[in-house]
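# Geometric and topological summary
This is what each chain is made of:
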Amino acid sequence: ETGVTQTPRHLVMGMTNKKSLKCEQHLGHNAMYWYKQSAKKPLELMFVYNFKEQTENNSVPSRFSPECPNSSHLFLHLHTLQPEDSALYLCASSQDGQNNQPQHFGDGTRLSIL
Amino acid sequence: AQKVTQAQTEISVVEKEDVTLDCVYETRDTTYYLFWYKQPPSGELVFLIRRNSFDEQNEISGRYSWNFQKSTSSFNFTTTASQVVDSAVYFCALSEEAPQGGSEKLVFGKGTKLTVNP
């Protein structure tokens with residue numbers, strides 16, 4: 001089983017829908033991350049959770065709502081999204097959020113907003 | 001100011017050619033870490049290497065090598081005898097100490113798309 005698993009792989013939703021992205025890591029890590037990857041832009045860090053506590057919210061609009069019920073699972077709840085939110089959303093984990101540790105990424109969820 | 005600059009947006013080479021991907025970074029910290037990641041078409045970012053700011057030794061791993069030079073704030077990545085499977089987007093990233101009350105962040109460059117043609 002891969003280290004970091006994201007579901008679904010693809011998601012198409014209307015602007016009024018509510019959906020959730022799921023991330024699960026099997027590496028025994030304590031830090032988890034959400035990134036947004038848009039075309040021709042650097043990866044943008046959205047949220048960081050360390051030992052289930054949110055330690056970073058990088059000025060993300062409230063239509064994105066993260067949830068971290070335990071160190072192995074991370075969700076991103078979506079509602080009333082905009083077309084510019086269409087992107088690849090990547091989840092990552094690391095041992096405990098220290099800056100010397102590599103992050104391990106999932107395959108991402110490609111989100112399209114109609 | 002952009003902290004990690006990958007000036008090459010796209011590079012195309014023919015198999016067996018050597019290719020170097022450039023990465024220039026900016027930081028005021030004395031302790032920091034540099035990373036390279038590979039993103040194949042499947043989307044997953046694959047960790048390749050980590051370097052700390054106190055270790056300027058170059059590293060070689062098979063066909064891959066990394067040249068870290070603090071004097072020019074560069075951390076370049078070279079693939080020798082490139083293969084079609086090396087085709088991917090490659091990202092350089094910088095991790096600094098966390099600001100007070102904040103979290104340590106990994107700051108990525110915009111990536112270089114490498115295409116290796118048969």
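Refer to the structure presented above.
Report on the accompanying structure. Along every chain, residues carry numbers that run from 1 in the direction the sequence is written. Chain labels run from A onward and ligand labels from 1 onward, assigned in the order the entries are written. With the structure being a predicted model, the display of local features is reserved for residues of pLDDT at least 70 and the display and counting of side-chain atom pairs for 80 or more, all residues being used for whole-chain, interface and lining totals. Computation of side-chain values covers all heavy atoms of the structure but excludes hydrogens and water.

### Things to note about the overall build of chain B
As a reminder, the rule being used: Each helix is a run of DSSP H or I of at least 4 residues and each strand a run of E of at least 2, with the numbering of both proceeding from the N terminus. Two things to know: the radius of gyration comes from C-alpha atoms, and the globule rule equals 2.2 Å times the number of residues to the power 0.38. We call a residue buried when its accessible area falls under 20% of the maximum for its residue type, exposed when it is over 50%, and partly exposed in between, using a 1.4 Å probe and counting protein chains only. Residue exposure ignores everything except the shown protein chains as possible cover, and the areas themselves are Shrake-Rupley values with a 1.4 Å probe. Positive charges come from Lys and Arg alone, negative charges from Asp and Glu alone, with His and the N- and C-terminal ends not counted. Each charge is placed at NZ for Lys, CZ for Arg, CG for Asp and CD for Glu.
Looking only at helices and strands, chain B has zero helices and 12 strands in total. Sequence-ordered secondary structure for chain B, helices as α and strands as β, is β-β-β-β-β-β-β-β-β-β-β-β. Expected size for 118 residues packed as a compact globule is a radius of gyration near 13 Å; at 14 Å, chain B falls within 12% of this value. Viewed in the frame of its principal axes, chain B has a C-alpha envelope of about 50 × 30 × 20 Å. The buried share of chain B, reckoned over its 118 residues, is 42%. About 6,000 Å² of surface is accessible on chain B, with carbon and sulfur atoms providing 47% of the total. Distance from the positive charge centre (11 side chains) to the negative charge centre (15 side chains) of chain B: 3 Å.

### Section: the pattern of salt bridges
Applied cut-off: Any Lys or Arg side-chain nitrogen found within 4 Å of a carboxyl oxygen on Asp or Glu counts as a salt bridge.
Tallying each qualifying case throughout the model produces five salt bridges over all chains. The closest approach of N and O atoms between A:R63 and A:D85, which form a salt bridge, is 2.7 Å. With A:R63 in the loop between β6 (53–57) and β7 (64–70) and A:D85 in the loop between β8 (73–79) and β9 (87–94), this pair connects stretches of sequence that are 22 residues apart. The pair formed by A:R63 and A:D85 is uniform in burial state, with each residue classed as buried. B:D55 is paired through a salt bridge with B:R51; the nearest N and O atoms lie 3.6 Å apart. Note on B:D55: relative accessible area 26%, which makes it partly exposed. Classification of B:R51 by relative accessible area gives buried; the value is 8%. One network of salt bridges, in which partners are shared, links B:R51, B:D55 and B:E59.

### A short note on the interface of chain A and chain B
Worth spelling out the cut-off: Only heavy atoms matter for contacts: two residues are in contact if any of them lie within 4.5 Å across the pair. Buried area is a sum: the accessible area each of two parts loses on coming together, probed at 1.4 Å, counted once for each and added. Pairing of N or O atoms within 3.5 Å defines a polar contact, subject to two protein rules: one partner must be a possible hydrogen donor and the other a possible acceptor, and residues neighboring in sequence count only if both atoms are side-chain atoms. Here the term charged refers only to Asp, Glu, Lys and Arg, the term nonpolar to Ala, Val, Leu, Ile, Met, Phe, Trp, Tyr, Cys and Pro, and the term polar to all other amino acids, Gly among them.
Taken residue by residue, the interface counts 22 residues in chain A and 21 residues in chain B. With both sides pooled, the region where chain A packs onto chain B buries about 1,900 Å², and carbon together with sulfur makes up 50% of that total. Three residues stand out in chain A for area buried against chain B, namely A:N99, A:N100 and A:F105, and they jointly supply 31% of the buried area on that side. Along the contact surface separating chain A from chain B lie zero salt bridges. Here chain A is connected to chain B by three residue pairs in polar contact (both at pLDDT 80 or more). Secondary structure elements with two or more residues in the side of chain A that touches chain B: β4 (31–37), β6 and β9 of chain A. Among the residues forming the side of chain A that touches chain B, the class breakdown is eight nonpolar, 10 polar and four charged.

### Concerning the sheet that holds β7(A)
All names here are of chain A. Put simply, the rule reads: When DSSP finds at least two bridges between two strands, those strands are taken to pair. For every element, the axis is a line fit to its C-alpha atoms; helices are fit only across the contacting stretch, and the angle between N-to-C directions ranges from 0 to 180 degrees.
One open sheet holds the four strands; their spatial order is β1-β3-β8-β7, and the pairing between them is antiparallel. Two strands close off the open sheet at either side, each with one partner strand: β1 (4–7) and β7. On average, each strand axis in the sheet is inclined to that of its neighbour by 20°, with strand direction left out of account. Here β7 runs beside β8; their pairing, made up of five bridges, is antiparallel. The residue of β8 that forms the bridge with P66 is L76.

### Some remarks on the state of the cysteines
Operational definition: Disulfide: a pair of cysteine sulfur atoms within 2.5 Å of each other.
Using the criterion set out here, one finds two disulfides over all chains in the structure. Between the sulfur atoms of A:C23 and its disulfide mate A:C91 the distance is 1.9 Å. Here the S-S torsion is close to -75°, and the disulfide linking A:C23 with A:C91 is therefore left-handed. With A:C23 in strand β3 (residues 18–25) and A:C91 in strand β9, this pair connects stretches of sequence that are 68 residues apart. For the pair formed by A:C23 and A:C91, the shared burial category is buried. A disulfide bridge connects B:C23 with B:C92, and the sulfur atoms are separated by 1.9 Å. Given an S-S torsion of about -65°, the disulfide between B:C23 and B:C92 has left-handed geometry.

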